[in-house]
Amino acid sequence: MTNDPPEVLVFHEALRGPMIAKMLTPLTQSMHGASAFVRTSLVRPEDLRDLEGLRHSPMVFQEQVAKAYELRVAVVAAPGGGRCFAGAIDATRSTAGQIDWRGASPSQVAWRPGALPDEVATRLLALTRALDLVYGAVDLIVTPDGRHVFLEINPAGEWGMLERDLGLPIASALADALLQ
Amino acid sequence: MTVLIITRSDDNVSPARVAAAVEARGVRAYRLDTDRFPTEIRVSIDDQPDAPTRGRISGPAGDVTLEEITSVYYRRFNVGARIPSELEPPLRAPSVEESRRVLHGLLAVLSASGAFGLDRIDVVRRAENKPLQMALARLADGLDTPRTLVSNDPAAVRAFAARQPAGIIAKMMASFAVYDEAGRENVVFTNPVRDEDLADLDGLSLCPMTFQERLPKALELRVTVVGDRVMAASIDSQALPRARSDWRREGVALLNEWRHYELPPAVRAGALALMGALGLHYGAFDFIVTPDGRHVFLEVNPCGEFMWLLERPGLPIDEALADLLCDRARDR
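Residues numbered from 1 in each chain as written. Chains lettered and ligands numbered in written order. Predicted model: local features only at pLDDT ≥ 70, side-chain atom pairs only at ≥ 80, totals over all residues.

Visitor: Please give an account of the overall build of chain B that cites residues and values.
Guide: The secondary structure content of chain B amounts to 9 helices and 18 strands. In terms of overall dimensions, chain B is globule-like: its C-alpha atoms have a radius of gyration of 22 Å, near the 20 Å expected for 332 residues. With the C-alpha coordinates aligned to their principal axes, the bounding extent of chain B is approximately 65 × 50 × 35 Å. Buried positions account for 36% of the 332 residues belonging to chain B. Contacts in chain B between residues far apart in sequence, at least 24 positions, make up 68% of those at least 6 positions apart. (Helix = DSSP H or I, 4+ residues; strand = E, 2+ residues; numbered from the N terminus. Rg over C-alpha atoms; globule rule 2.2 N^0.38 Å. Buried ≥ 20, exposed ≤ 12 C-beta atoms within 10 Å, placed from the backbone. Contact = placed C-beta atoms within 7 Å.)

Put into structure tokens, the structure is as follows:
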């Protein structure tokens, strides 16, 4: 995370691979006309020659992680016992969606059931509790060699599509947590 | 060992006084004027999977790394103020927001790694909640609280007023100013609610207000708490007619009238108990002392101003803040 152009170049050099840029400010901000600016994008060589825009806003730079698919995990870390509900999305068929699935058109992406290794689920529950949260929506990348790479957790992140498209009983788990 | 001071370049002399007191204790003070970020100050936060978060701030005040920062003095925040106003709003607004998130992220990483926060932003945001303050103050032994109604319901306000024989006052939780057509600043002060006001409460459908029983005043107090040090000053707000409902109306005229005040031990203990419940290390309390000697708690401001109290009555608030910032830094 930086607004310092030389830092970006040093970071990129050390990566020895492709790099993406994104912002911490969520997509809803962008609905008023700045969507291209806010989505995750691949940083091209010409972008690296012109980083003056960082004077007006810092950005997040990250190694581009190879994707088999992405997971959205609704974590309900109720005191008695937590549960993780995972949906997988494969947006690699869409050019825009390869970098950020939110860039793909709805017809090109579909939610399908996602599996989460126990060890990853345990860590997500621990992270959610470490942040003093009961609920969090986590974004993960699953790499072609099976690594689960954590991107972020959103305290009030959307889960409705997972329940609607996959029948995951998230509303029921939240109701249980509220009544505990 | 470095104390990071979070403020803005147009702040008054207070952060400079604290910085001088910190430096006098042999500790570096690094001032981050948030309005200069991101345009003139560079901030980087570097996360690698196999190492602790690293970070660096560089700007007119020099360079500092996250590892060097042992305490944070959070005072004022005006991030992104120098991002050109010609930038289109759909670009400028997310730029300011992104800049805010980066600085808040930096401060959150610092506190997670054990740096002392005076006070932490998340603690400040929770503590400045006035209904929460009232709820916790009522439970703190030694604090007397006024009857208070926060509402946008005209019927509830009229019913509340009818139960207060001495009448009620109205105020806002956020201190702010309204600017008239000529650009004149009109600060929204505390005002008595008159019968004609009660007859016309339609404006509440556009904004709720805080209503409180009107308390007779002998004196008003500003009690500044730093750690376990409690420094009280009083003002005779009844000496000037325009100051009677709110001394800030005559704040300048009254500057030389602040006096040392001996706070009763029970009230002192109550203030410290509330500080503990709110998780604060700094707080600026307002009290009314009634003619019959009650000390009634009004509010506590987590980042409340103290500058004028340094001169008169002469409270060593800057020194107390520096002690706390440096002692906690050494404790790490």
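Further notes follow.
Visitor: Give a detailed account of the overall build of chain A, specifying residues and quantitative values.
Guide: A count of helical and extended segments in chain A gives 6 helices and 8 strands. Partitioning the contacts of chain A with sequence separation of at least 6, the portion at a separation of at least 24 is 60%.

Visitor: Quick rundown of the nonpolar core? Include the residues and the values.
Guide: All names here are of chain B. One finds Ile 5, Val 72, Tyr 73 and Leu 321 to be the most contacted residues of the largest nonpolar core, which totals 73 residues. The biggest single contributor to this core is helix H9 (residues 317-331), with 7 residues. In terms of domain composition, this core takes at least three residues from each of domain 1 (2-124 + 323-331) and domain 2 (129-146 + 216-301). When sequence neighbours within four positions are dropped, the list of residues in contact with Ile 5 reads Pro 15, Val 18, Ala 19, Ala 29, Tyr 30, Arg 31, Leu 32, Tyr 73 and Arg 75. (Core = buried A, V, L, I, M, F, W, Y, C linked by C-beta atoms within 7 Å. Domains from an automatic or database assignment.)

Visitor: Explain the domain arrangement of chain B to me, and be specific about the residues and the numbers.
Guide: Residues and elements named next belong to chain B. By domain assignment, chain B separates into domain 1 (2-124 + 323-331), domain 2 (129-146 + 216-301) and domain 3 (147-214). Relative to domain 2, the C-alpha centre of domain 1 lies at a distance of 30 Å. Across the contact, 4 residues belong to domain 1 and 6 residues belong to domain 2. Of the residues that constitute the side of domain 1 that touches domain 2, the class distribution is 3 nonpolar, no polar and 1 charged. (Nonpolar A, V, L, I, M, F, W, Y, C, P; charged D, E, K, R; others polar.)

Visitor: Any chance you could break down the pairing of strand E4 (residues 54-59) of chain B for me, citing the residues and the numbers?
Guide: All names here are of chain B. Here 5 bridges tie strand E3 (residues 42-46) to E4, and the two strands are oriented antiparallel to one another. If you follow Ser 44 over to E4, its bridge partner there is Arg 56. If you look at the hairpin formed by E4 and strand E5 (residues 62-65), you'll find 2 residues sitting between the two strands. (Pairing = 2+ DSSP bridges.)

Visitor: Tell me about the sheet that holds strand E18 (residues 295-301) of chain B, and name the residues and values.
Guide: Residues and elements named next belong to chain B. Across the sheet, 5 strands lie side by side as E16-E15-E14-E17-E18; this open sheet has antiparallel pairing. Across the chains shown, the open sheet's two edge strands, defined by having one partner strand only, are strand E16 (259-260) and E18. Bridge analysis of strand E14 (residues 219-226) against strand E17 (residues 282-289) gives 8 bridges, and the strand direction is antiparallel. In the sheet register, Leu 219 faces E17, and the bridge partner there is Val 289. Here helix H7 (residues 265-278) sits on the sheet and contacts E14, strand E15 (229-235), E17 and E18; the angle it forms with E14, its principal contact strand, is near 50°. (Axes fitted to C-alpha atoms, helices over the stretch in contact; angles between N-to-C directions.)

Visitor: So what's going on with the interface of chain A and chain B? Residues and values would help.
Guide: On the chain B side, the residues contacting the 20 residues of chain A number 19 residues. Taken together, the residues that form the side of chain A that touches chain B break down as 8 nonpolar, 9 polar and 3 charged.

Visitor: Describe the environment of Val 109 of chain A, with residues and values.
Guide: Among the structural elements, Val 109 of chain A can be located in the loop between strand E5 (83-89) and strand E6 (111-113). Residues Val 109 of chain A and Ala 68 of chain A, spaced 41 residues apart in sequence, show a C-alpha to C-alpha distance of 14 Å.

Visitor: Report on the sheet that holds strand E1 (residues 2-7) of chain B, specifying residues and quantitative values.
Guide: Residues and elements named next belong to chain B. Spatially, 4 strands are ordered E2-E1-E6-E7 in an open sheet, and the strand pairing comes out parallel. With one partner strand each, in any of the chains shown, strand E2 (28-33) and strand E7 (116-118) form the two edges of the open sheet. Averaged over all neighbouring strand pairs, the angle between strand axes comes to 20°, with direction disregarded. With 6 bridges joining them, E1 and E2 adopt parallel strand pairing. Its bridge partner being in E2, Leu 4 is matched across the sheet by Tyr 30.

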